[in-house]
Amino acid sequence: AVSQAADKPTLAFVVNGASDFWKAAEAGVKKAQSEMPDYQMELKYPEQAAVAIQQRLMEDLVSAGVKGIMVSAVDPKTQTDGLNKIGSQTALFTTDSDAPKTNRVAYIGSSNVDAGMQAAEIAKKAMPDGGKCIGFVGLLGADNAKERIQGMKDGLKGTKIELTDVRGDDIDQTRAKKNVEDALVASPDVTCMVGFYSYNTPRIYEALRDAGKLGQITVVGFDDDPITLGGVKEGTVAATVVQQPFEWAYQGMKLMAAYLKGDKSGVPSNGLIIIPTVIIGKDDVDKYAASLKAMAGK
Amino acid sequence: MNHSSDIPSPDAPATPFLSLSGVGKTYPGVVALEGLSIDIMPGEVIGLVGENGAGKSTLMKILGGVITPDRGTILLDGAELRSLTVESSISSGIAFVHQELNLFDNLDVAANIFLGREPLKAGPFKLVDRDRLRDMVKPLLKRVGAHFSADTPVASLSLAEQQMVEIAKALSINARLVIFDEPTSSLPLAETERLLSIIKSLKADGISVIFISHRLHEVERVADRVVVLRDGTLVGTLARNDIGHDQMVKLMIGRVLAARTAKPQRSPGSVALKASGVRTEAYPGRPVDLEIRYGEIMGLAGLVGSGRTELARVFFGIDRSYGGAILQDGQEISVRSARDAVARGIFLVPEDRKRNGILLDFPIAQNITLADLPKLSSRFMLSAERETAAAEKQRLRLAIKAPSVSTRTGTLSGGNQQKVVLAKWLSMSPRVMIFDEPTRGIDIGAKNEIYGLMRALADAGVAILMISSDMEEVIGVSDRIAVMHEGQIAGILEEDEFSQESVLLLAVGKRVK
Amino acid sequence: MVKKDLGLLLLIVVVGIVVAIINPRFLLPINLANTANLIGLFGILSIGQAFVIITGGIELSVGSLVALLGVLFVDFIAVQDMSWMLALPLILALGAVIGAVHGWLITRLNLQPFVVTLCGLLIYRGAARFYTADGTAGFAFGQNFPDLEFLTAGRFYGVPNTFIALVIIAVVMWIMLHRSVFGRYLYAIGKNEEAARYSGIRTGRMVMSAYVICGLLTALSAIYFAMYTRSISPASHGQFYELYAIAAAVLGGFSLRGGEGSIVGVVLGTVLLQELQNLVNLLGIPSSLNFAVMGGVILIGVLIDQQWHAIRAKRRLVSAARHTETRHSNEGSLPVAANQD
Amino acid sequence: MVKKDLGLLLLIVVVGIVVAIINPRFLLPINLANTANLIGLFGILSIGQAFVIITGGIELSVGSLVALLGVLFVDFIAVQDMSWMLALPLILALGAVIGAVHGWLITRLNLQPFVVTLCGLLIYRGAARFYTADGTAGFAFGQNFPDLEFLTAGRFYGVPNTFIALVIIAVVMWIMLHRSVFGRYLYAIGKNEEAARYSGIRTGRMVMSAYVICGLLTALSAIYFAMYTRSISPASHGQFYELYAIAAAVLGGFSLRGGEGSIVGVVLGTVLLQELQNLVNLLGIPSSLNFAVMGGVILIGVLIDQQWHAIRAKRRLVSAARHTETRHSNEGSLPVAANQD
Ligand SMILES: Nc1ncnc2c1ncn2[C@@H]1O[C@H](COP(=O)(O)OP(=O)(O)OP(=O)(O)O)[C@@H](O)[C@H]1O
Ligand SMILES: Nc1ncnc2c1ncn2[C@@H]1O[C@H](COP(=O)(O)OP(=O)(O)OP(=O)(O)O)[C@@H](O)[C@H]1O
Ligand SMILES: [Mg+2]
Ligand SMILES: [Mg+2]
């Protein structure tokens, strides 16, 4: 991907770290690109999910003459100044998690708190008699994790379902799986497990399968890992909450292009474009998988 | 007992085992060896002598396949070779006792002796047959007169004991040529005698021996032929009947050595350093009492592992003392680090040069000035001119053979490296100098220079403690001799009591008077 | 050496007892089996590392290699539809080749092990990420390889096969390191490479073999890890595993200066580390403290070991002093020797 | 040494020219200033590491320390409302104390630097995460510290103050290492610690000082990093920075065996590494390859250096041989008898 055909304005979609999650966004960028050939569009991964590295990447992009950046900030709450610096030199949009106090033009994405609430919905539906949940997540301190956990706890208020513990694994999949195994040992009374990061649900699925507990424990998932979707279809995963990064990227790139051309009508007054998360249950899974495939095929 | 006449030289055997012709080796700035031709007959003991840096070790390394000569040919059993490799050298029966010890202290004695040639169990896995190994090692240890067993970890052996292991290792090879590169440099008397008799028995078995030593009287006693090197060139060969101390020296240094200066008769000064009930790590149960006076050279003799080095280390603050007191000028002092000792003018020239004496990678100048930097610097900033000047002064004073003081110290020969260690201390103002085997591996010319320096220091009022295993040296240089036995001073000999017998008797724990 | 191993074993048992008292579920067969499985995975890695450390070297690229080889293995069998019977030896061979390249750079071109393998750490991680374009390599839902899965993730009478593999490998490697000529040479090289060369040992070849063994065992564990997680995000998979392996070796009594350590030690070191991880989860300690607990225990372990040595040396001195003193007083000579402690 | 530095400088310039030709925006003042800023941040870290490497040690806890000290600094001034004039020296002192503890463990208790600092890596990371309960430490919106921000993230005539700080520190440390007695002692210790001790050098104290300097510089750069990112997620902040620092030192000609390297070298090493990162971003190379590019360049760098040495040594030998030969033929004398000087 050699960039910088100097005549074409470049738009960059900067993600917060390397993950499969962003593959759909990449497809979205591609689709937008195919519709707008007079722009150069690219999706950039920082080599580590760290603020300094992402900041460096964006600064370098600005240096390289990028006209607009849409970023999923690693840590939006505290990245304010850095984002402002970028925003003062180029058109800055945020996605995935918002940084409302910056000079970004608009946010396009979903709400993690809402997603957590939807996870609570799944749990309530699957366990009408109540239960005890343990969650698994990559980085306990990350904003998206905290918001999802908070949303779920809020959603479970007043029910007999309880989220007792959330274990972190530092995005080490070996630990992610071992955490599930250990949780089964440490808390024999657990009735439900929640995978907050995209890879957590498949690890839960596999650990339960190895332990012969598949189907006995309610699994609530996030995102659309193939294993997760397979579990949903099989009925061993109650349902999963999916975001729509494809839409974020596709709509976001088009929005940015229009904005740069001077058409600001796409930006609402509050600067928020919410693309809601969706619950994918057993009935919707086939349709959803097909649409994923269609996106990837494009 | 006179050993010098009991070796008849065998009459001209047909072909030499090994024959070198025109062999040369050049290092940057140094011709280490030039156009050397030499034949080695089966059953012949060749004494190889020469000053420090004459090229003896270089020649041996060529024979061991460790370095490749630049020129010349090697004929082995009549077959011409460009050079030897370590493997071909070993497989053709060339065995080594290296000048610098090459043992593995994480392995036991048996493993060290047969390293690279272990007896294997049957089967494809190359498993070590440990029982057979032990059986093979036992007779070897007996032959060299070792008192330790085959599975002693080498880490727990003293330097001299380690040298015995080295010798046993050389004997273990089914050798046709055994090369001893200064095997006696850290061996005391009794062990040296045993080594010389080992050499004779090798010869009797038809095995060739090359014996390198700076102790010329040893060479005199065993060699059938002496080859003398000077500056990398063969300057002469002495047949059995011509071998003599003076002839060798003349060839080595190109002149006759002046007779050793007679010791001046004068009254020694006050007590400089005194050990009172000092206990060392090796013999914590044996307190040592010793007085060293200004202006005298106190020799310290003893057998292997008698604790002399340990005592020196305590004086110098490297080891802590396990009791007793050290007094300097009558005042009790505490030396808790070498720094304290240096600050009090107590200096040590250590036994193990490579490990404790010098930095091989540093230029000569930086080695010489290392201990005196605070004085050669102003406000902690180095001054290159002052350093070079100070180092240059010492280089000239000690006649260190090197292109310049910025030469890397590691490229010097052993003797010149030792001079660098001396230079380090001589450039400061010593009050007490402790020499631990000061002439280990040093040629006769340099040896005499060092004796001269020691004497000059003593005359200038410095108190000197000289630890030595070289009987000639102890008797020839000391004003008084303290003899250590199992960690204690067994007795002190005044000059009129000096004799090899009296030293030896004390050393083995017998009372003289 | 044996004593040190015993000390470690004791520590493992004591920690186990304490944990079992606080949470008896620690002793459930399923928990033991789970932990044994991870001991197997990390143990194989650590034994490989141990071979390199014995020679005085270090292998920092282990974690990245686990990612790269894992990605390739999963891709071969899940995407390229290669038979696993072919992919498995291929990956092992690749691991061996990479080890050989490291060994070659270190022994022939005289580069420092730390530098070579640091570059490896960076390069292989990059390669893994580039290969999947930063995506995840994993199996599709329902994609199953029953034989392979049994071998890599299955259990035999309740004992995880990875653990059995570790036991077999440990025994073989123990014989290799402690009973064969090769092992003896490695110890010699670790202590003093030059002297080993003078003894006619082909040091270059031996050191290279150590790196090849490390590469091979790393490749094997990479496959095990891949089959355990069944999904590999190349940016993070295996990160810091080299540190786990080194830590296990150090805990097990290896010296990073080379020439010291035993297979039993490194296995016990792995067991302790995994026990600690299990403990953090079972006792509900915040997972952020996971690393800190590990670091603390390693530090305390080496400190005790160090102090133990110092104390023993001292006690030996004291007893030597007493011994010689009584001998003296029996002999009735030299009264000076009897006073003072 | 000087030649090596020149070679590195040349490489930096050549790479710069190539990048500038492909993408002229490389030379924009803003890009240069951004890169200079990062050179300042990482350079200070690397100089600290260099002091430890000179003594033959290594400091692996740098990255974790950057996280821990950064978290504390931000927490002190943003949450605890401590004046930054107080917090700054406090953090520096903490860095120095931690360095002193490492030095103490290494010199007094005879632990290996790799082991001690590996434990540090684990413990400080855990401590940082525990301190914030895995949350992020950062400034609230509108929380500003104009003086501090100018000092740490500001520019002076367009030159980032971090870069100016690096220049000042490099000059001071250059004098310290290359012109002072202390520096000479460090080199001596790195080459042969025992011989240094036998020369009356207080080796323990010197080595400890090296770790204190490293701790101090790490603390300083931790503050700079904190003010650059203004937000610290303790789980990932500073990860692998020790490797950056070590890589910069190695590129700059340091030997991990100790006793070799120069301040100019380590600064140039940092410059090259940051130039490479900039290049990857500017030329649109997939960032997954970022690491691989870094690793590749380091490997090639040390390889060239190594080959260069080997060739020079060989050439010297050959010319020495030729020299003596001609001398012989000129003199026309029998080689055997000729006694050379
Ligand atoms: N690796 C090397 N590089 C440069 N010069 C060397 C090297 N090895 C030896 N030399 C030089 O070659 C010459 C011969 O050294 P060698 O060690 O053979 O002397 P030697 O006769 O064994 O001396 P000694 O009696 O002191 O052991 C010396 O001048 C020495 O400085
Ligand atoms: N590191 C060690 N571990 C165990 N024993 C040791 C160690 N170093 C020395 N010894 C023992 O201490 C005793 C005294 O050794 P020391 O080196 O002081 O003797 P020495 O009189 O100087 O003899 P040498 O002729 O070997 O220099 C010996 O028995 C030796 O085996
Ligand atoms: Mg020699
Ligand atoms: Mg001694």
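Residues numbered from 1 in each chain as written. Chains lettered and ligands numbered in written order. Predicted model: local features only at pLDDT ≥ 70, side-chain atom pairs only at ≥ 80, totals over all residues. Heavy atoms only, no water.

A. Main features of the overall build of chain B. Within chain B, the regular secondary structure consists of 18 helices and 20 strands. In terms of overall dimensions, chain B is globule-like: its C-alpha atoms have a radius of gyration of 24 Å, near the 24 Å expected for 513 residues. Judged by the C-alpha coordinates and their principal axes, chain B covers about 70 × 50 × 50 Å. By the burial criterion, 59% of the 513 residues in chain B qualify as buried. Sequence separation of 24 or more characterises 66% of the internal contacts of chain B that already satisfy a separation of 6 or more. Total accessible area on chain B stands at roughly 19600 Å², and carbon and sulfur atoms take up 51% of it. (Helix = DSSP H or I, 4+ residues; strand = E, 2+ residues; numbered from the N terminus. Rg over C-alpha atoms; globule rule 2.2 N^0.38 Å. Buried < 20%, exposed > 50% of the residue type's maximum accessible area, 1.4 Å probe, protein only. Contact = heavy atoms within 4.5 Å. Areas by Shrake-Rupley, 256 points an atom, 1.4 Å probe, with all protein chains shown as cover.)

B. Region of the structure containing the coordination of the magnesium ion (ligand 4). The magnesium ion (ligand 4) binds to the protein through T309 of chain B (OG1) and E351 of chain B (OE), with metal-donor distances spanning 1.9 to 2.3 Å. Placement of T309 of chain B in helix α9 (residues 308-315) and of E351 of chain B in the loop between β16 (346-349) and α11 (353-357) is noted, with a sequence separation of 42 residues between them. (Donors = N, O, S within 2.8 Å, 3.2 Å for Na, K, Ca; no water.)

C. Looking closely at the interface of chain A and chain C. Counting residues at the interface gives 34 residues for chain A, matched by 39 residues for chain C. Buried area between chain A and chain C, summed over both chains or domains, comes out near 3000 Å², and the portion from carbon and sulfur atoms is 46%. For the chain A face of the interface with chain C, the top three residues by lost area are R167, T174 and V185 of chain A, together amounting to 21%. There are 1 salt bridge connecting chain A and chain C. The salt bridge partner of E206 of chain A is R230 of chain C, with a shortest N-O separation of 3.6 Å. Linking chain A with chain C are 16 residue pairs in polar contact (both at pLDDT 80 or more). Of all elements in the fold, only β7 (161-168), α6 (173-186), α7 (200-211) and α8 (226-234) of chain A reach the threshold of two or more residues within the side of chain A that touches chain C. Looking at the side of chain A that touches chain C, the element that brings in the most residues is α6 of chain A, giving 11 residues. Across the side of chain A that touches chain C, the residue classes break down as 12 nonpolar, 7 polar and 15 charged. (Buried area = accessible area lost by both parts, 1.4 Å probe. Salt bridge = Lys/Arg side-chain N within 4 Å of Asp/Glu carboxyl O. Polar contact = N/O pair within 3.5 Å; in protein donor to acceptor, adjacent residues only side chain to side chain. Nonpolar A, V, L, I, M, F, W, Y, C, P; charged D, E, K, R; others polar.)

D. Quick look at the site of ligand 1. All names here are of chain B. The environment of ligand 1 is made up of 19 residues, and the closest members are N52, K56, S57, T58 and T411. The separation between an oxygen atom of ligand 1 and a polar main-chain atom of G55 is 2.9 Å. Contacts to ligand 1 include T411, whose backbone N or O atom sits 2.3 Å from an oxygen atom. Protein contacts shield 83% of the accessible area of ligand 1, which totals 640 Å² for the unbound molecule. When contributions to the shell around ligand 1 are tallied by element, the ones reaching two or more residues are β2 (30-40), α1 (56-63) and α15 (414-426). It is α1 that contributes the most residues to the shell around ligand 1, 3 residues altogether. Of the residues belonging to the shell around ligand 1, the class tally is 5 nonpolar, 11 polar and 3 charged. (Near = heavy atom within 4 Å.)

E. Examining the sheet that holds strand β1 (residues 10-14) of chain A more closely. Residues and elements named next belong to chain A. The 6 strands are arranged β2-β1-β3-β4-β5-β11 in an open sheet whose pairing can be described as parallel. Bordering the open sheet on either side are β2 (40-44) and β11 (272-274), each of which pairs with just one other strand. Neighbouring strand axes in the sheet, compared pairwise and without regard to direction, differ in orientation by 20° on average. As judged from the 3 bridges shared by strand β5 (residues 106-109) and β11, these two strands associate in the parallel manner. Across the sheet, residue Y107 finds its bridge partner in β11, namely L272. (Pairing = 2+ DSSP bridges. Axes fitted to C-alpha atoms, helices over the stretch in contact; angles between N-to-C directions.)

These figures capture arrangement, not role.
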